[in-house]
Amino acid sequence: MTKLFVVGVLLAATCGPEVPGPGEEDPRDVTGNYDLTYDDSLHMQLNIGGAVREVTQQGYGGVADFGTYNGQPVRLDLTQFCAKPEVKCPSEQFWAKVAIDQPNLKKNGFGLQELRVIDNQDPTPPAGTKAASVTGLVNHDDGDRFLVGLGLQAGASGSCAAIDVSFASGRFAHQGETLTTTMEYRGDDNKVCNPDAGAAALDAGSTGDGGTAAKPCTLKSVSRLTYPDGAPIADIKDGRIGFAWAGGCAFGPFLAGATLYLETGYSGKRTGDYDPPPFTPAPVTQPDGGFPDAG
């Protein structure tokens, strides 16, 4: 679990910037019911002692072939693997219909908020039955991106327990958003720079003995998402869900020390106001390493 994120959530529950007043729209509000669709475009990695083998395929109907190891074939029938009662593959863990809440949204004005995701595939479960849930974080100061750790919930104990890097991520998209691209001067660190300042530094002899060389400042393509003021949340985009298991779960004892990683994409559509079935809130969980990179 990433302690920095959790501390931020605990502080957000008690203090922070003021929230919008009565009757005012809150641009941070992503609560609602959503339908999720998985693209089932699978990217798999098998790490054997630091050597990574990769396989990509569409759907769960085929057999992933990772070659051989010590003379034995390394193949994985994904349909059989995901059918194991002790294994939970992506749509089994993050569900096809969810209700999403932000329990601290009305308590403070922080950009970092707790995010609850509840299984809403059965909105009217039998009496006494509670739906499963997971809890992560959404960062409204970083494009409404969110991250939920799934390692603790995504498998049984033993060889088929999901490893703590398992996650679900994505971003909440506003109605009417557009992607614009401009050319801007940026340095190697991708920060805005002034090309004239670099030229002046070179003219002054900054690259001489004992000096500091001017940093490159070149035109780069920069993309930004924009949307009308007050536009409500409509979708979940750029969704990624990744799981990792010990190799013994998928391939047996001869690869017990390996790690199998599976990742696929998904998107979501907001279908209505937040209306969850009965559930028990789960604690905030973040995968080891925090937010995955955009790659």
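One can find the structure itself at the top, above this paragraph.
Residues numbered from 1 in each chain as written. Predicted model: local features only at pLDDT ≥ 70, side-chain atom pairs only at ≥ 80, totals over all residues. Heavy atoms only, no water.

Pulling in residues and values, what's your account of the overall build of the protein chain?
In terms of regular secondary structure, the protein chain is built from 5 helices and 14 strands. By the burial criterion, 42% of the 295 residues in the protein chain qualify as buried. Within the protein chain, contacts between residues at least 6 apart in sequence are counted, and of these 69% link residues at least 24 apart. Accessible surface, the protein chain as shown: approximately 15300 Å² in total, 53% of it carbon and sulfur. (Helix = DSSP H or I, 4+ residues; strand = E, 2+ residues; numbered from the N terminus. Buried < 20%, exposed > 50% of the residue type's maximum accessible area, 1.4 Å probe, protein only. Contact = heavy atoms within 4.5 Å. Areas by Shrake-Rupley, 256 points an atom, 1.4 Å probe, with all protein chains shown as cover.)

Run through the packing of aromatic side chains, naming residues and quoting values.
Within the structure shown, the criterion is met by 7 aromatic pairs. Their ring planes at 85 degrees and their centres at 6.0 Å tell us that Phe-66 and Phe-251 sit as a pair that is edge-to-face. Placement of Phe-66 in strand S4 (residues 63-69) and of Phe-251 in helix H5 (residues 247-251) is noted, with a sequence separation of 185 residues between them. Here the two residues Phe-66 and Phe-251 agree in accessibility, since each one is buried. Ring centres 5.7 Å apart and planes at 65 degrees place the aromatic pair Phe-94 and Tyr-266 in the edge-to-face group. You can see Phe-94 sitting in helix H3 (residues 90-94) and its partner Tyr-266 sitting in strand S14 (residues 259-272), a full 172 residues away along the chain. (Phe/Tyr/Trp six-rings, centres within 6.5 Å; stacked < 30°, edge-to-face > 60°.)

Could you give an account of the layout of surface pockets, naming the residues involved and the relevant values?
In this model, the largest pocket occupies a volume close to 540 Å³. Within the lining of the largest pocket, the residues separate by chemical class into 10 nonpolar, 4 polar and 8 charged. (1 Å grid on protein atoms, 1.4 Å probe; cavity = no way out; pocket = protein on both sides within 12 Å on 5 of 7 lines; lining within 4 Å. Points joined across faces, edges and corners; volume = space filled by probe spheres on them. Nonpolar A, V, L, I, M, F, W, Y, C, P; charged D, E, K, R; others polar.)

Explain the state of the cysteines to me, using residue names and the numbers behind them.
Within this structure, the stated rule accounts for 2 disulfides. Residue pairing for Cys-193: its cysteine sulfur links by disulfide to Cys-217, the two sulfurs lying 1.9 Å apart. Judged by the sign of its S-S torsion, about 95 degrees, the bond between Cys-193 and Cys-217 is right-handed. With Cys-193 in the loop between strand S11 (178-186) and helix H4 (195-203) and Cys-217 in the loop between H4 and strand S12 (218-226), this pair connects stretches of sequence that are 24 residues apart. Residue class for Cys-193 comes out partly exposed when judged on its relative accessible area of 24%. Given the relative accessible area of 17%, Cys-217 is considered buried. (Disulfide = S-S within 2.5 Å.)

Kindly report on the side chain of Arg-116, identifying the contributing residues and their values.
Considering the arrangement of structural elements, one finds Arg-116 in strand S7 (residues 112-119). By relative accessible area, Arg-116 is classed as buried at 19%. Among residues more than four places away in sequence, those in contact with Arg-116 are Ala-99, Ile-100, Asp-101, Pro-103, Val-134, Thr-135, Phe-279 and Pro-281.

I'd like to hear about the pairing of strand S9 (residues 145-149), residue by residue, with values.
Within S9, 4 of the 5 residues are buried, which leaves the element mostly enclosed by the surrounding structure. As defined by bridge partners, strand S8 (residues 133-139) adjoins S9 across 3 bridges and the pair is classed as antiparallel. Paired with Leu-137 across the bridge in S9 is Leu-147. Hairpin geometry of S8 and S9 is characterised by an intervening segment of 5 residues between the two adjacent antiparallel strands and by a positive phi of about 65 degrees at Gly-143. Bridge analysis of S9 against strand S10 (residues 167-174) gives 5 bridges, and the strand direction is antiparallel. Counterpart to Val-148 in the pairing with S10 is Ala-168. (Pairing = 2+ DSSP bridges.)

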